[in-house]
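Notes for the structure review
Listed here are the chains, written in short residue letters.
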Amino acid sequence: MKIEEEIKSTVPLENSKKIILNVLYTQNLINDRMNEVLKPYDLSGEQYNVLRILRGQKGNPANMCVIQERMIAKTSNTTRLVDKLLLKNYVTRKVCPDNRRKIEVNITQKGLAVLTELDPKVVEHENNFSKKLSLQELEQLNALLEKFRNQ
């Protein structure tokens, strides 16, 4: 369905406006469906992102700056997200012995276990969005989105 139909626009839209609306509308659709996957685990998309970042550290701690710069949503309150994950015992947090102003965060076995359980569900979620596109179309869409974003 065209974006004009989705938002029930009665006026013609310029391409520059349509692309923004298409990206935003699609982002919200992807987020809504991802939230359905994460809801049974009492995780937000941002908390899930933090857990994935920490798993990518392969056992090494990450400080708040490292987590923040790797976040998809750069405006996320990293400290609040880590606090919520701490309450669920998905992460540990301790003061760095070399620099007392630095906080080190590690993923726990419980955090790794929830990611292991979520991994196939997330892959299915991602594949559902790409199944109507060929490999060439997926590569083209990625290239176009990267070009659009990196202006």
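A few points about the packing of helix H2 (residues 15-38) against helix H6 (residues 109-130)
Orientation of H2 relative to H6, taken along the N-to-C sense of each, is 155 degrees, at an axis distance of 10 Å. With respect to their mutual orientation, H2 and H6 come out roughly antiparallel. H2 and H6 meet at a crossing whose hand is right-handed. Of H6, the residues touching H2 (which contributes Leu29, Ile30, Arg33, Met34, Val37 and Leu38) are Leu118, Lys121, Val122, His125 and Phe129. Residue composition of the contact of H2 with H6, grouped by class: eight nonpolar, one polar and two charged.

Observations concerning the nonpolar core
In terms of nonpolar packing, the biggest core is built from 25 residues, with Leu43, Val50, Leu51, Leu54, Ile67, Val91 and Leu118 touching the most fellow members. Breaking this core down by element, the ones donating at least two residues are H2, helix H3 (45-55), helix H4 (64-70), helix H5 (78-87), strand E3 (103-107) and H6. Here this core takes five residues from H3, the largest share from any one element. Discounting residues that sit within four places of it in the chain, Leu51 has contacts with Leu43, Leu85, Tyr90, Val91, Ile107, Val114 and Leu115.

Things to note about the pairing of E3
Taking burial as the measure, the five residues of E3 include four buried ones, the bulk of the element. With two bridges connecting them, strand E1 (residues 62-63) and E3 associate as antiparallel partners. Within E3, the position partnered with Ala62 by the bridge is Val105. Sheet topology places strand E2 (residues 91-95) next to E3; five bridges connect them, and they run antiparallel. Residue Lys94 lies in a different strand from E3, and its bridge partner there is Glu104.

Topic: the confidence of the model for the protein chain
For the protein chain, the average pLDDT comes to 92, and 100% of its residues sit at 70 or higher. Here helix H1 (residues 3-6) stands out as the least confident element of the protein chain, with mean pLDDT 85; H3 is the most confident, with 96.

Let's talk about H6
Between its first and last C-alpha, H6 extends 31 Å over 22 residues, near the 32 Å set by a 1.5 Å rise per residue. Leu118 marks where H6 bends most, by close to 40 degrees; the proline Pro120 follows one to four residues later. Within H6, burial applies to Gly111, Val114, Leu115, Leu118, Val122, His125 and Ser130. The inward-facing, buried residues of H6 abut H2, H3, E3 and helix H7 (135-149).

Reading the values: rules and limits
Residues numbered from 1 in each chain as written. Predicted model: local features only at pLDDT ≥ 70, side-chain atom pairs only at ≥ 80, totals over all residues. Heavy atoms only, no water. Axes fitted to C-alpha atoms, helices over the stretch in contact; angles between N-to-C directions. Helix = DSSP H or I, 4+ residues; strand = E, 2+ residues; numbered from the N terminus. Parallel < 35°, antiparallel > 145°, perpendicular 65-115°, else oblique. Left-handed = near helix turned anticlockwise from the far one by under 90°. Contact = heavy atoms within 4.5 Å. Nonpolar A, V, L, I, M, F, W, Y, C, P; charged D, E, K, R; others polar. Core = buried A, V, L, I, M, F, W, Y, C linked by side-chain atoms within 4.5 Å. Buried < 20%, exposed > 50% of the residue type's maximum accessible area, 1.4 Å probe, protein only. Pairing = 2+ DSSP bridges. pLDDT = per-residue confidence, 0-100. Expected span 1.5 Å × (residues − 1). Bend = angle between axes of the 7 residues up to and from the residue.

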